[in-house]
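Each chain, letter by letter, is given below.
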Amino acid sequence: MTDKSVWREEFSVDAPEDAYVLRRQFTKFLVLTSFGMAVGNGWIWVRSLLSKEQPAYPEVVIGRASELAPGSVKMFSYPGAEDPCILVRRANGAIAAFSQKCTHLSCAVYYAAAHDRLECPCHEGYFSPDDGRVLQGPPPRPLPKIRLALRGDDIVAVGVGENTEP
Amino acid sequence: MACVILLLVMQMWLLTATLESFLAGHRGVAGAAFAVSTCLFLLCGVLYGLVVRLDRSRGAEEPPRSTSGPWTIG
């Protein structure tokens, strides 16, 4: 049989012609993608509106100062159960607490006592244990600082500092 | 079509920048970014309309395609 077979005559659209994409079809696809981007931006806007109200931070006792040896750390969650934080007792006795989520890609930071800094193991982002500022690496912002109060021997978390400026 | 691609690249950048800003706690820019993104989308729509119109006008100039097929044989 040659190309003049009956089925070829009945199927009038060839495969190459069927796969051919017109300019306006491709442009329509691009416009639909653009619509998706706009919807994504709208979703972020709605989320920002819903989360605009600043919650009242609870006062949570994290631990006792006398139980923290210099150079030691204590993990806790604040203000919610899904907000991991790290409390650092430095060699000079100073106490500071920060959110444990790296501001780059949210990996958990840890305290490197040997270098006296908070380190993110994912991309080697380093933070100062003084105020959470970025010392090195890709993180764009300092670590959010947990406001602490010392009541007697108790270390109490009373709020989260903004600390969002680069 | 190149303009639409350019607008799309701008929108991609805007979306990633807005997301980064939102995660950083800067809530104020989300509304403005949404407005700009919507404008870019509308601009893409206008350009798409122009493409369709251009194709139609070209199609009107060209001779009509042959409608001969298997169903007209004989």
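Scope of this entry: the structure provided in the associated data block. Please read all numbers here as calculations on a predicted model, not as lab measurements.

Within chain B one finds two helices and zero strands. Counting every position in chain B, which comprises 74 residues, the buried fraction comes to 26%. For chain B, the exposed area adds up to about 5,100 Å²; of that, 70% sits on carbon and sulfur atoms.

With that settled, consider the state of the cysteines. Enumeration according to the criterion identifies one disulfide over all chains in this entry. With a sulfur-sulfur separation of 2.0 Å, A:Cys107 is cross-linked through a disulfide to A:Cys122. With the S-S bond torsion at -100°, the cross-link from A:Cys107 to A:Cys122 turns out left-handed. You can see A:Cys107 sitting in the loop between strand E4 (95–99) and strand E5 (110–112) and its partner A:Cys122 sitting in the loop between strand E6 (117–120) and strand E7 (125–127), a full 15 residues away along the chain. Left without a disulfide partner, A:Cys120 is nearest to the cysteine sulfur of A:Cys102, which lies 3.7 Å away. The structure places no disulfide on B:Cys3, whose sulfur is separated from the nearest cysteine sulfur, that of B:Cys44, by 9.6 Å.

Next up on the list: the sheet that holds E4(A). Residue and element names in this part refer to chain A. Spatially, E1-E10-E9-E4-E3-E2 is the arrangement adopted by the six strands of the open sheet, whose pairing is antiparallel. Each edge of the sheet is formed by a strand with only one pairing partner; in this case those strands are strand E1 (60–64) and strand E2 (73–77). In this sheet, neighbouring strand axes are inclined to one another by 30° on average, regardless of whether the strands run parallel or antiparallel. Note: E2 against strand E3 (residues 84–89), five bridges, orientation antiparallel. Bridge pairing links Phe76 to Cys85 in E3.

All names here are of chain A. If you trace the backbone, Arg117 turns up in strand E6. A polar contact is formed between the side chain of Arg117 and the side chain of Glu119, at a distance of 2.6 Å. Beyond its immediate sequence surroundings of up to four residues, Arg117 is in contact with Tyr110, Tyr111, Ala112, Tyr126, Phe127, Pro129 and Leu135.

Looking now at the side chain of A:Glu119. Residues and elements named next belong to chain A. Inspection of the secondary structure assignment puts Glu119 in strand E6. A relative accessible area of 8% means that Glu119 is categorised as buried. Leave out the neighbours within four places in its chain, and Glu119 touches Ala108, Val109, Tyr110, Ala112, Gly125 and Tyr126.

Turning next to the packing of aromatic side chains. All names here are of chain A. Scanning the model with the defined rule gives four aromatic pairs over all chains in all. Ring geometry for Phe26 and Phe29: centres 6.3 Å apart, planes at 25°, overall stacked. With Phe26 and Phe29 both in helix H3 (residues 23–50) and three residues apart, this pair spans about one turn of that helix. When its relative accessible area of 33% is taken as the criterion, Phe26 is described as partly exposed. Above the plane of the ring of Tyr126 lies Arg117, whose end atom (NZ or CZ) is 3.7 Å from the centre.

Cut-offs used in this document
Residues numbered from 1 in each chain as written. Chains lettered and ligands numbered in written order. Predicted model: local features only at pLDDT ≥ 70, side-chain atom pairs only at ≥ 80, totals over all residues. Heavy atoms only, no water. Helix = DSSP H or I, 4+ residues; strand = E, 2+ residues; numbered from the N terminus. Buried < 20%, exposed > 50% of the residue type's maximum accessible area, 1.4 Å probe, protein only. Areas by Shrake-Rupley, 256 points an atom, 1.4 Å probe, with all protein chains shown as cover. Disulfide = S-S within 2.5 Å. Pairing = 2+ DSSP bridges. Axes fitted to C-alpha atoms, helices over the stretch in contact; angles between N-to-C directions. Polar contact = N/O pair within 3.5 Å; in protein donor to acceptor, adjacent residues only side chain to side chain. Contact = heavy atoms within 4.5 Å. Phe/Tyr/Trp six-rings, centres within 6.5 Å; stacked < 30°, edge-to-face > 60°. Lys NZ or Arg CZ within 6 Å of the ring centre and 35° of its normal.

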